[in-house]
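What follows is the residue order along each chain.
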Amino acid sequence: NLVNALDQIIFSVNKSVEINLGNKNSTSMSNLYKKILKISKNERKYNLISTKDYHGKGLGRRICCRKSFELLGNYNLVSLDEGIERTFKWYRNNL
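Residues numbered from 1 in each chain as written. Predicted model: local features only at pLDDT ≥ 70, side-chain atom pairs only at ≥ 80, totals over all residues. Heavy atoms only, no water.

(A) Representation of the overall build of the protein within the structure. Within the protein, the regular secondary structure consists of 4 helices and 0 strands. Secondary structure elements of the protein occur, N-terminal to C-terminal, as α-α-α-α. For the protein, the proportion of its 95 residues judged to be buried stands at 15%. Residue pairs in contact within the protein that sit at least 24 positions apart in sequence constitute 71% of those at least 6 positions apart. (Helix = DSSP H or I, 4+ residues; strand = E, 2+ residues; numbered from the N terminus. Buried < 20%, exposed > 50% of the residue type's maximum accessible area, 1.4 Å probe, protein only. Contact = heavy atoms within 4.5 Å.)

Laid out in structure tokens, this is it:
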């Protein structure tokens, strides 16, 4: 998905525009960590360090991808889980 989106940007979109590429759905770092462990079948557990802001709330990172979806349409053709599975499969087969 990312490669297709980058191709569209390079060849179709004004090169002076700044956009964020991402998914329409936010995923916390903790949930991403859990997905990667599950998909990789990694039995090891690591301690995650929870970082808080000055109000005592967990830090979140949410980027706005509205402009990229307006310019490129829906470039998310596979789910996050499937993308992680494909990445692990590629690494297993090529490294």
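Text resumes after the structure shown.
(B) View of the packing of helix H2 (residues 29-40) against helix H4 (residues 80-94). Contact geometry for H2 and H4: axes closest at 10 Å, N-to-C directions at 45 degrees. Compared by their axis directions, H2 and H4 come out oblique. Note that H2 runs across H4; the crossing there is right-handed. Residues Leu32, Lys35, Ile36, Ile39 and Ser40 of H2 form the contact with H4, whose own contacting residues are Leu80, Asp81, Ile84, Glu85, Phe88 and Arg92. (Axes fitted to C-alpha atoms, helices over the stretch in contact; angles between N-to-C directions. Parallel < 35°, antiparallel > 145°, perpendicular 65-115°, else oblique. Left-handed = near helix turned anticlockwise from the far one by under 90°.)

(C) How the structure looks around unusual backbone geometry. The backbone phi angle of Lys41 is positive, close to 60 degrees, even though this residue is not glycine. Here Lys41 falls in the exposed class, since its relative accessible area comes to 67%.

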